[in-house]
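# Examining the three-dimensional arrangement
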Amino acid sequence: MFIAFFLVPLAWGVITLLRAGAAHGVPDCPGLQLGEDGDAPGPMRQGYTCALDYNVHGGDSTGTATYDQLKYAQEVKRGDLLGQGLLYTLYGTAGTAATVIAIRKRADD
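Calculation notes
Residues numbered from 1 in each chain as written. Predicted model: local features only at pLDDT ≥ 70, side-chain atom pairs only at ≥ 80, totals over all residues. Heavy atoms only, no water. Disulfide = S-S within 2.5 Å. Helix = DSSP H or I, 4+ residues; strand = E, 2+ residues; numbered from the N terminus. Buried < 20%, exposed > 50% of the residue type's maximum accessible area, 1.4 Å probe, protein only. Axes fitted to C-alpha atoms, helices over the stretch in contact; angles between N-to-C directions. Parallel < 35°, antiparallel > 145°, perpendicular 65-115°, else oblique. Left-handed = near helix turned anticlockwise from the far one by under 90°. Nonpolar A, V, L, I, M, F, W, Y, C, P; charged D, E, K, R; others polar. Expected span 1.5 Å × (residues − 1). Arc of directions from axis to C-beta. Contact = heavy atoms within 4.5 Å.

## Quick look at the state of the cysteines
- This model, assessed by the stated rule, comprises 1 disulfide.
- One disulfide in the model links Cys 29 with Cys 50; its S-S distance is 1.9 Å. Measuring handedness by torsion sign, the sulfur bridge of Cys 29 and Cys 50 sits at about 85° and is right-handed. Of the two residues, Cys 29 sits in the loop between helix H1 (4–22) and strand E1 (32–34) while Cys 50 sits in strand E2 (residues 49–54), which places them 21 residues apart along the sequence. The burial state of Cys 29 is the same as that of Cys 50; both residues are buried.

Laid out in structure tokens, this is it:
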């Protein structure tokens, strides 16, 4: 029964590690993406900007980010996910192992 306290964090740690592995490649623009000539192109590339927040009434961007800024934010997020995933995975593994050992010792007595 107590093993469930450690299997859930173990599963969450593995999922978080998988999310960290998927956080690479071309960064996503969470707002309106603009190319060098002002159009809305496909994938984000060098020289493109991203309007993070867009005012529909006035048509102005209230915050923008460059490709390099979005790429850096993606790397920071990936590092955070790796750290969290490792922590949860280690906690879940250690707790599961300790619980299994304790249950086996009690069964032997």
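## Focus: the packing of H1 against helix H2 (residues 67–108)
- Their axes nearest at 7 Å, the elements H1 and H2 cross at an angle of 155°. On the basis of the axis angle, H1 is roughly antiparallel to H2. For the pair H1 and H2, the crossing hand works out as left-handed.
- Grouping the constituent residues of the contact of H1 with H2 by class yields 14 nonpolar, 11 polar and 3 charged.

## Concerning H2
- Under the 1.5 Å per step criterion, the end-to-end length of H2 is 61 Å for 42 residues, consistent within 8% with the ideal 62 Å.
- Three or more residues of H2 are buried, namely Tyr 67, Leu 70, Gln 74, Leu 81, Gly 85, Thr 89, Gly 92, Gly 95, Thr 96 and Thr 99.

## Topic: H1
- Between its first and last C-alpha, H1 extends 27 Å over 19 residues, near the 27 Å set by a 1.5 Å rise per residue.
- Considered for burial, the residues of H1 that qualify are Phe 6, Pro 9, Gly 13, Thr 16 and Ala 20. Down the axis of H1, the sector holding all buried residues measures 85°, keeping them to one side. For H1, exposure combined with an orientation more than 90 degrees from the buried face picks out Val 8, Leu 18 and Ala 22.
- Looking at the packing, one finds that the buried side of H1 touches H2.

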